[in-house]
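Observations on the three-dimensional arrangement
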Number of protein chains: 2
Amino acid sequence: MTLNFTPHPLRLKHTFTVAGSSRTETPDVLVTVSCDGLTGYGEASMPPYLGESVESVVAFLSRIDLSGYEDPFALAEIHAYLDTLSPGDWAAKAAVDIALHDLQGKLTGLPLWRLWGLPPLPGGEQGLPTTFTIGIDTPETVRAKTLEVAGRFRRLKVKVGVPGDRELIASIRSVTDTPLTVDANQGWTSREEALDRIFWLREQGVVMIEQPLPKTRLDDLAWLTERSPLPVIADESCQHLSDLKRLQGCVSGINIKLMKCGGLWEARQMAVTARALGLQVMLGCMTETACAVSAIAHLAPIADWADLDGNLLISNDPFTGGLQVIDGNIVLPSAPGIGVQRSF
Amino acid sequence: MTLNFTPHPLRLKHTFTVAGSSRTETPDVLVTVSCDGLTGYGEASMPPYLGESVESVVAFLSRIDLSGYEDPFALAEIHAYLDTLSPGDWAAKAAVDIALHDLQGKLTGLPLWRLWGLPPLPGGEQGLPTTFTIGIDTPETVRAKTLEVAGRFRRLKVKVGVPGDRELIASIRSVTDTPLTVDANQGWTSREEALDRIFWLREQGVVMIEQPLPKTRLDDLAWLTERSPLPVIADESCQHLSDLKRLQGCVSGINIKLMKCGGLWEARQMAVTARALGLQVMLGCMTETACAVSAIAHLAPIADWADLDGNLLISNDPFTGGLQVIDGNIVLPSAPGIGVQRSF
């Protein structure tokens, strides 16, 4: 098989502000893996807080030689090989892994969800809604933004634990009663404060909370989860399959992201293990093209929560097709592999 | 897809004695599922202690209508449909599931281990040995039997916790130092007695013990596992994926058997979950043809122990190919699907 890659900075439709920093682009590298005349697409997205960059991803990908591998189904072997090259570089590894899975689907003629034996997603009230994030802004802008998207999404998401979060929720609630999910990004320091805020958030129509406390505070997360009226989902606390063993009993569920865990090979195992442990499964993403967002979306039939709006936030997505959002619900493609087409 | 089945009683090469009862046959039903001109093979084996019979399996299979399903990859949907027909009938469900997996491999041209992304098995000392069971018999017969097979297997297995077990081990040890695994089949009632016996067994060259205590005594299994110098594997305590959550911390590993869990769809999830929890994976079987034994053997690349001698015990196996045992190690087929051929 042959690997190719090219940097493709993602232009954000709106300036992205989180924890005091702003940006208008997200670094991204597009990857292809080819065999037997077919091409699989993959992607590494590098938001600044994960520690990878275009330079590190290009350096890692440049060291990969897939000429000794003829079969994209050789996932365990190829991941073991990639792990010999570096103990980290998860986004770069995810890019290769996503392209291999796309190739698997194209070789067999099956979309990934079906190759994996998963059932089709239902629609309507039984469907899996994806959230769409409303950023902190002036009350007028928040109201306008909310009105613009409220009809298209069944769940909205907001960041909390930062200045202005109460006003943000009030502005949203002034125009819609669409259920909210919240991401605290480890923003609260005391478990009692977190519990107080969760009870208040529930009164505001919030239905789930991500990472209320710092990622290593598992005992406090367990204390909080036991008392919380809302499901508590681990995000920063859960990067890899190996984290699940100690998360059992500490949280209600886990957020799986390809750029954290290194690809679909591990993401699938995380979803299977989480469900076996009675943990809810959330699918998340970075700012990404339709390629990576659609790739993880193929796990939606075994997910409880989806936060898959990354590709909706960029203005230069080279991919069409893939995941669609219809009536606020995730609809998976029936085309082989990830189901995206490259348009430029 | 279309389903067909026919009873095929398995004739045992040697009379099988366990817990006071003897038999010379094991009831078995062979199954085929066909689509697109291809045929997948499956099988239900019904040892008497599991509660299924030729009558119950035939009755269950007769109620299945696969004409509405066109795709053997629709595993979640078809299992959900089978579960609407009956809450149990696990061997019958396993037969259908195995045939669907065989079809998946034949449609894609891939052996199951490769379709699942698993690596090839190493050979030699790094390989995965399968055990071969030596039954209780006169010392002369045990010695002769052991000498007959000791060169072909790297692990022998004996039943313990029954009268004559010490003499059996002494007879084996009089002719070979091949490592032993033991299956207590819930045979000890006190955890202290079990621990004493395990220390004695270790001195006899035993390397692993299955189900030393009654299956529901998880607290005692946890006490024993913490103190045991040998890994303690749950067999009767572990039937299904849903058992794993409570087995974490209680045992060293689990024995996965298709006729208990209902097929490869669940068996794979059990193997993935067990490894994520730090539990060892053992692959087991009933008296079965090469079809079902080879089917579960495709999980060998992620297994720690294998007890896959079921097809070696019968004289009328209609299948050739599949799992081979070379130098005592499991060798997986490269042919598509399960990799067995029907010879009569």
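Below is a short write-up of the structure. All figures in this text were calculated on a predicted structure; none of them were measured in a lab. (Residues numbered from 1 in each chain as written. Chains lettered and ligands numbered in written order. Predicted model: local features only at pLDDT ≥ 70, side-chain atom pairs only at ≥ 80, totals over all residues. Heavy atoms only, no water.)

So, about the packing of aromatic side chains. Residue and element names in this part refer to chain A. If you walk through the whole model with that rule in mind, you get six aromatic pairs over all chains. Residues Y41 and F319 carry aromatic rings whose centres are separated by 5.3 Å and whose planes lie at 65° to one another, so their mutual orientation is edge-to-face. With Y41 in strand β5 (residues 38–45) and F319 in strand β14 (residues 319–321), this pair connects stretches of sequence that are 278 residues apart. Here Y41 and F319 have matching classes, each one buried. Both rings, one in F132 and one in F153, keep their centres 4.8 Å apart while their planes meet at 25°; by these two values the pair is stacked. Separated by 21 residues along the polypeptide, F132 in strand β6 (residues 131–133) and F153 in the loop between α5 (139–149) and β7 (155–159) bring together distant segments of the chain. You can call F132 buried: its relative accessible area is 5%. The class of F153 is buried, set by a relative accessible area of 3%. Sitting over the ring of W90, K93 keeps its end group 4.4 Å from the ring centre. The residue whose ring lies beneath R166 is W200, and the NZ or CZ to ring-centre distance is 4.5 Å. (Phe/Tyr/Trp six-rings, centres within 6.5 Å; stacked < 30°, edge-to-face > 60°. Helix = DSSP H or I, 4+ residues; strand = E, 2+ residues; numbered from the N terminus. Buried < 20%, exposed > 50% of the residue type's maximum accessible area, 1.4 Å probe, protein only. Lys NZ or Arg CZ within 6 Å of the ring centre and 35° of its normal.)

What follows deals with the pairing of strand β9 (residues 206–210) of chain B. Residue and element names in this part refer to chain B. Where burial is concerned, most of β9 is hidden: four out of the five residues are buried. Alignment of strand β8 (residues 180–183) against β9, held across four bridges, turns out to be parallel. Following the sheet pairing, T181 is matched in β9 by M208. Each parallel crossover has a hand, and the one from β8 via helix α7 (residues 191–203) to β9 is right-handed. Here two bridges tie β9 to strand β10 (residues 232–234), and the two strands are oriented parallel to one another. Residue pairing across strands places I209 opposite V232, the latter belonging to β10. (Pairing = 2+ DSSP bridges. Right-handed = clockwise from strand over helix to strand, strands pointing away.)

What follows is about the pairing of β8(B). Residues and elements named next belong to chain B. Residue alternation in β8 divides its side chains into two sets, L180 and V182 and T181 and D183, and both sets are buried. Here strand β7 (residues 155–159) runs beside β8; their pairing, made up of four bridges, is parallel. When the bridges of β8 are listed, V158 appears paired with V182. In this fold, β7 hands off to helix α6 (residues 165–173), which returns the chain to β8; that crossover is right-handed.

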